[in-house]
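Breakdown of the fold
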Amino acid sequence: MMKFFSFFLATLAIFNLCVLSNAYALDLYVDTKTKQVFAEPGPDRIHIGTYEKTENPLAQPPTPQAAIPPSQTPTESAKKEAVAESALLREQKTAEVADKSAQERLASQVSVLEERVKDVEKIHGTFDDRGLHWATKDGNFSMSLNGRLQPASQYNFINDPDPAFGSNTSNDLNSGMNIRRARLGVEGTFYKIWDYKFEFDFSRGNGTVGSGITDAFVRLNHTDALSYKIGSFKEPFSLEEAASNRFLTFIERHMSVNSFVDNPNTYKTGIGVNYAVQRFQTGLAFQTEPIGAWSAASTSVNANGNQSRNNGSGDTGWEGIGRISGRPWMEDDTKFLHVGVSAGHTAVNTQYRADGTMVGEGSNGGGGGMSFFAFPGTNVDRTNILNTGNLSNGALNDPNRRQVSSYDRFGAEAWLVHGPFSAQAEFLRTNINGVGYDGEHLTGYYGFISYFLTGESKAYHVRNGAANRIRPNRPFQWNGSGWGAFELAVGYDFIDLNSGIIRGGQADMIRFGFNWYPHSNIKFQANVVHMLDINTARTPITNTDGYSGGAGARTNGWNNADFSAFLTQWTIDF
């Protein structure tokens, strides 16, 4: 019996030791979302370990032992110390884990903020007189918004053509106001060597998509000087045409530039190459028709021109064209002489039906062919007073038919800038080729001088080889400390659309101009235009010989007419 009792006591002692050991163990869990530490399991908590008391958990120097009261046995004192040390250890471990979790959480938040700051810093925006710009920090991508608004007015104080007759409308030009141009565009670069531009004119062709698009191209910059582009862009022809309408000395371009370059829509679709350095520029292009319709004698049956063709339109017209210019004399950007030449060959498409009759003959559009026309430098009512009529007319079996198959253009230009003084002149000629033609050619020229009363000089655009933005020496201020730049100009303009069997008329005029530049991106212009002579006596008054819709009678009605007008225009651009 005593042996059994002794075995029972030993077994009970071993069991108590096991229970006490487990009582001092602690399981810890960390929340994967909040990073907080818990002593109990739960959702999103993972077990990080079991912690239990050891005989000497921390290597510490021995501390004086408190005297054990006589009432306490050595075993009870050791147990209390063990419990206290275990509780202290648990508190220390919990504090360490919580502190580590807080540090990790703070580091994670800081890292997120740093990434967001880096993302913001990758793109930065600026605004200046060229517009709104955005670019990535590495320079690989950029984008700019550009636009212009040109409110215009026209008052005709002398307006004396012959009265209209029959069902024709009045020959008079109208006074009034309009928005000459309202353009909005985007341009920029990608991967540093490519750039692009897209521009839409809401006042061009009444805002139609076909006629509203001006520039729409992509360009590869092979070097700083050499570039290639594809899309819709201006023909490289003429000094005045190469300049943006924002930087023209007079409100409208001169008659020969308008008639031979601008009126047939200088923005054509094709490929081009340009080379430009400080004193030399050249541009070459192979282009087809414009995106949209471009004249009453557009080389397409479709009113939308090149943008929407069908099997009745025929092949698009095409052209090879180029311009070379430079500054053989140049002291600096305010004293130089610019000279240049332009040339181009344009193939014209004329369409005929199966029975040999011409498509579109006798109407105001379609069928192809080509016509040239001119208006007297006005900016609101730009109705033509000179008009060759369609140079393709008559059926294929008509022995007197005429069919323009191509035309060749040539131009010579000169521009002198000497401080505030400048002088500019151009001569243009267009040769007509085709059935029924034998050496007919149309010519025009202009010249003008200008002077800045406030001392500024004409600015030069190297890539275009033409006029650039004027920056006033003292921009306008309301307190009167600056009034901007003031410029006076006077010029002569001549065009002759009579040659051989072509009877489009002849005219010359003088212009007076006053320009105020309060800021570099704002300009006010006031012009007086006065026709010196208009000769349209040879133009037929019936809808024959390529004329339609009373165009011949209208042109004839301006023979020996008197005309003068006062024009104004604001230009606000960015």
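Sequence order as written defines residue numbering, which begins from 1 separately in each chain. It should be noted that, the model being predicted, local features are given only for residues of pLDDT at least 70 and side-chain atom pairs only at 80 or more, the latter also being counted only at that level, while totals for whole chains, interfaces and linings use all residues. With hydrogens and water excluded, all non-hydrogen atoms of the structure serve as input to the side-chain values.

**As for the confidence of the model for the protein chain**
What pLDDT reports is the predictor's confidence in each residue, on a scale of 0 through 100. Averaged over all residues, the pLDDT of the protein chain equals 84, while 81% of them reach at least 70. When checking whether two residues touch, look at their non-hydrogen atoms; a contact exists if any pair is within 4.5 Å. Every residue in residues 56-61 scores below 50 in pLDDT, and together they form 2 contacts with partners more than four places removed in sequence or on other chains. Counting contacts from residues 63-68, a segment whose pLDDT is below 50, to residues more than four positions away or on other chains yields 3 contacts.

**Quick notes on a nonpolar patch on the surface**
The patches reported here contain residues having more than 30% relative accessible area and no salt bridge. Joining distances are 9 Å for like charges and 5 Å for nonpolar side chains (Val, Leu, Ile, Met, Phe, Trp, Tyr). Working definition of accessibility: Shrake-Rupley area with a 1.4 Å probe, residue cover restricted to the visible protein chains. Within this document, salt bridges are pairs made up of a side-chain nitrogen of Lys or Arg and a carboxyl oxygen of Asp or Glu, the two lying within 4 Å of each other. A surface patch of nonpolar side chains, amounting to about 860 Å² of accessible area, comprises F141, Y191, I193, W194, V218, I230, I271, F286 and W318. As for its placement among the helices and strands, I193 is situated in the loop between β7 (176-190) and β8 (194-201). To qualify as a helix, a DSSP run of H or I must reach at least 4 residues; to qualify as a strand, a run of E must reach at least 2; elements of each kind are numbered from the N terminus.

**What to know about the pattern of salt bridges**
Within this structure, the stated rule accounts for 19 salt bridges. A salt bridge links K458 to E487; the shortest N-O distance between them is 2.9 Å. Here E487 lies in strand β22 (residues 485-499) and K458 lies in the loop between β19 (441-452) and β20 (460-461), a separation of 29 residues in the sequence. In this structure K458 comes out as buried when scored by relative accessible area, which is 7%. Note on exposure labels: buried denotes an accessible area under 20% of the residue type's maximum, exposed denotes more than 50%, and partly exposed covers the range between, all computed with a 1.4 Å probe on protein chains only.

**Things to note about the side chain of N559**
With respect to the element layout, N559 can be found in the loop between α6 (551-557) and β25 (562-573). Here a polar contact is taken to be a pair of N or O atoms separated by no more than 3.5 Å, where protein atoms must pair a possible hydrogen donor with a possible acceptor and residues adjacent in sequence count only if both atoms sit in side chains. Within the local environment of N559, its side chain forms a polar contact with the backbone nitrogen of T536, the two atoms lying 2.9 Å apart. Here A537 takes part through its backbone nitrogen, which lies 3.3 Å from a polar atom of the side chain of N559. Those residues in contact with N559 that lie beyond four places of it in its chain are I534, N535, T536 and A537.

**Some points on the packing of aromatic side chains**
Between rings of Phe, Tyr and Trp, where Trp is taken as its six-membered ring, a pair exists when centres lie within 6.5 Å; planes separated by under 30 degrees are stacked, by over 60 edge-to-face, and by other angles tilted. Counted under the stated rule, the structure contains 25 aromatic pairs. Look at Y275 and F280: their rings are 6.3 Å apart centre to centre, the planes differ by 55°, and that puts the pair in the tilted class. Ring-pair connections join several aromatic residues into one group, and the members of that group are F476, W478, W483, F486, F514, W516, F524 and W570.

**A closer look at helix α5 (residues 255-262)**
Within α5, 7 of the 8 residues are buried, leaving the element largely enclosed by the surrounding structure. Restricting attention to buried positions, one finds in α5 the residues M255, S256, V257, N258, S259, F260 and V261.

**A short note on the environment of F141**
Mapped onto the fold, F141 is located in strand β6 (residues 141-160). Taking C-alpha positions, F141 is 6.1 Å from Y191, a pair spaced 50 residues apart along the chain. When near neighbours in sequence (up to four residues on either side) are disregarded, F141 contacts W134, A135, T136, T189, F190 and Y191.

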